[in-house]
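Observations on the three-dimensional arrangement
Listed below are the residues making up each chain.
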Amino acid sequence: MKKTTFVSLAVVLLLFAACSTRTSEHRAEDFMARTLLDSALLYIDRQDFSAAMLQLKKAEKLLPTLENAKTKYQICQYIGWINETSGAEELALQYQVRALDYAREYGKPELVVDVLINQANTLYNMGLNDSAWSVTLEAARYYEQADRGQQSVIKRHGAYHEMLEGDLEKAERHAYEAAMLADDPSAEGNALALLCQIYIKQGRDHDAQMLMSVMPQKGDATLRYNQLMAQSDMLERQGDYRGALMAERQMRHLDDSLNAQARHLDIVKIQNQFDRESLQREKAEQRLWFSLVVCALLLAILGLTVWFNHRTRALYKRFRQRISDTKNMLADQLSDRNATIDQLKHTIDQRMNELSKLQQRLPRPYQSEELYSQLAETKRGVDVLYSIVSGENISQMGKSEQQAVVDVLWQMDRPLAEIIDNPENPLTPKETFFCIMEHSGKTDNEKARSFCCSEQAVRSTKSRLGKKLDIEKLRVNDDDNT
């Protein structure tokens, strides 16, 4: 009982130690990812997006091993945001999809809304307004759980869609609500710039001009772009085409600076380099595993080959030994005058059946054994002799059966063999079989049944045979019968 308790305690301790080790490993990887993420945020604050991307890509390598869904969400979210800012919209969408999965896994609605807003911005930048509106509607489902800044962006996206659809009254109301909800100058300025565009489309130039005068002047590049767009529309309506053209040029220059700066190209290059290195590393790991699997298979094949050869040699040795034992036993039994043909046939059938089973287990090159062939020929002679003595049908037997039975008779009954195997007076198969039956004391009727012929034919055979040898020598007393 004490021993069982000790073993159970040891197993529990081992499991606890293994779990602790895995937990420590995950904690270390989560800590490393958080450190890289914090470093990336510092670079983002300094507008050094290339350095930030380097840190984020290092953190991305740890994604498969991380347990914290929020950390995984932030890594993908910031990579997507930098790509969006850099004009790499396709890459941005890929990471935003992954960030959305991690946000839903984490279970915080505000994180889901954050990703959906960024997706909508990216789709608007790509000119996919319908797709952007679908994403905005999905974000609107979480409107009550969103913070003020997120609610402001949802309202602004709705106002922009309504403006494109021509519903200017509703667009005006939502753009105004977006400006009221904005929690930073850039968000407020973007909402007011959209409201200016709506005023201009309504023909309310005075309201648009007044609004532009109170619009925040400090903010991000997107705010400046929206201000220039509203200014260009208003100047064009007022007939100041030169001013509108200048605003358009500033917008184009700002758009080029947003999407074609060298640092943006560097950011895409950094990602491509990291992805390429990751792919190369994965391929190297696959090659390593493939090599290990091949080596393991080769070792297994080698082991199986050695085992098979050893087993085959042992089996072949056993096969030869059994043949030798059988041959010696048959030689003793064939030379035993007291042994009957029934006993002899039973013994040789049993032994040959065992040898046949052993032979089938051997590979084909090992199955051709001369001693086995000799035993098979001996068995054939015994079978022929048994058929003759037992009165079975022997009408179809020929030269090969004659030779087999004569070989056996040289071992069993040498005097008889000398009579029927005389080269000076060669006998036919039928004559040889007749001699054996005569020696066994068979009547003419029994001989006729065995040869499937008439007694007259048997007597004719006997008459021909009498010219070759002394038939009386074949007849023996019952005591001498085999």
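Residues numbered from 1 in each chain as written. Predicted model: local features only at pLDDT ≥ 70, side-chain atom pairs only at ≥ 80, totals over all residues. Heavy atoms only, no water.

1. Overview of helix α9 (residues 185–202)
For an α-helix the count is 3.6 residues per turn, leaving residues at separations of three or four pointing the same way. Taking 1.5 Å of rise per residue, 18 residues should cover 26 Å, and α9 covers 25 Å from first to last C-alpha, within 8% of that figure. Just beyond α9, the residue with positive phi is G203, at close to 85 degrees. (Helix = DSSP H or I, 4+ residues; strand = E, 2+ residues; numbered from the N terminus. Expected span 1.5 Å × (residues − 1).)

2. A word on the packing of helix α4 (residues 89–106) against helix α5 (residues 109–125)
At their nearest, the axes of α4 and α5 sit 9 Å apart, and the two run at 165 degrees to each other. It follows from the interaxial angle that α4 and α5 lie roughly antiparallel. Of the two possible hands of crossing, α4 and α5 adopt the one that is left-handed. For the pair α4 and α5, the contacting residues are E89, A92, L93, Q96, V97, A99, L100, A103, R104 and Y106 in the first and L111, V112, V115, L116, N118, Q119, T122, L123 and N125 in the second. Taken together, the residues that form the contact of α4 with α5 break down as 12 nonpolar, five polar and two charged. (Axes fitted to C-alpha atoms, helices over the stretch in contact; angles between N-to-C directions. Parallel < 35°, antiparallel > 145°, perpendicular 65-115°, else oblique. Left-handed = near helix turned anticlockwise from the far one by under 90°. Contact = heavy atoms within 4.5 Å. Nonpolar A, V, L, I, M, F, W, Y, C, P; charged D, E, K, R; others polar.)

3. Regarding the pattern of salt bridges
Within the structure shown, the criterion is met by 19 salt bridges. Among the salt bridges present, the one from E105 reaches K72, with a minimum N-O distance of 4.0 Å. Linking E105 in helix α4 with K72 in helix α3 (residues 69–86), this pair joins segments that are 33 residues apart in sequence. In this structure K72 comes out as buried when scored by relative accessible area, which is 9%. Between K155 and E177 there is a salt bridge, with its nearest N and O atoms 2.9 Å apart. Of this pair, K155 sits in helix α7 (residues 148–165) while E177 sits in helix α8 (residues 168–181); the two residues are 22 residues apart in sequence, bridging distant segments of the chain. The class for K155 is partly exposed, based on a relative accessible area of 21%. Each of K345, D349, K379 and D383 takes part in salt bridges that share partners, so that together they form one network. (Salt bridge = Lys/Arg side-chain N within 4 Å of Asp/Glu carboxyl O. Buried < 20%, exposed > 50% of the residue type's maximum accessible area, 1.4 Å probe, protein only.)

4. Description of the nonpolar core
Membership of the largest hydrophobic core comes to 42 residues, with the highest contact counts inside it found for Y73, I75, I82 and L116. Those elements that place two or more of their residues in this core are α1 (2–45), α2 (49–60), α3, α4, α5, α6 (129–140) and α7. Here this core takes nine residues from α5, the largest share from any one element. Here I75 is in contact with A33, L37, L56, A59, E60, L63 and L66, once residues within four sequence places are set aside. In this structure, V408, C435, L465 and L469 belong to the second largest nonpolar core, which totals 40 residues. (Core = buried A, V, L, I, M, F, W, Y, C linked by side-chain atoms within 4.5 Å.)

5. Some thoughts on a negative patch on the surface
Taken together, E110, D147, D183, D184 and E188 make up a surface patch of like negative charges. Mapped onto the secondary structure, D147 falls in the loop between α6 and α7. (Patch = residues over 30% accessible without salt bridge, like charges linked within 9 Å, V, L, I, M, F, W, Y side chains within 5 Å. Areas by Shrake-Rupley, 256 points an atom, 1.4 Å probe, with all protein chains shown as cover. Lys, Arg positive; Asp, Glu negative; His and termini not counted. Charge placed at Lys NZ, Arg CZ, Asp CG, Glu CD.)

6. Some details on unusual backbone geometry
Its identity as a non-glycine residue notwithstanding, C452 has a phi of 60 degrees, on the positive side. By secondary structure assignment, the location of C452 is in the loop between α20 (444–451) and α21 (455–466).

7. Topic: the confidence of the model for the protein chain
Of all residues in the protein chain, 79% attain a pLDDT of 70 or more, and the chain-wide mean is 79. Ignoring residues within four places in sequence, the model shows residues 477–482, a span with pLDDT below 50, making six contacts including any to other chains. (pLDDT = per-residue confidence, 0-100.)

8. Looking at the environment of I419
If you trace the backbone, I419 turns up in helix α18 (residues 414–420). For I419, a relative accessible area of 23% corresponds to the partly exposed category. Remark: the alpha-carbon pair of I419 and I471, spanning 52 residues in sequence, is separated by 9.5 Å. With sequence-adjacent residues up to four places away left out, I419 is seen in contact with L469, K473 and L474.

9. Topic: the packing of α7 against α8
The interhelical angle for the contact between α7 and α8, taken along N-to-C directions, is 160 degrees, at an axis separation of 8 Å. Relative to α8, the element α7 is oriented roughly antiparallel. Relative to α8, the crossing made by α7 is left-handed. Two secondary-structure elements touch here, α7 through R148, G149, Q151, S152, K155, R156, A159, E162 and M163 and α8 through L168, K170, A171, H174, A175, E177, A178, M180 and L181. Taken together, the residues that form the contact of α7 with α8 break down as eight nonpolar, four polar and six charged.

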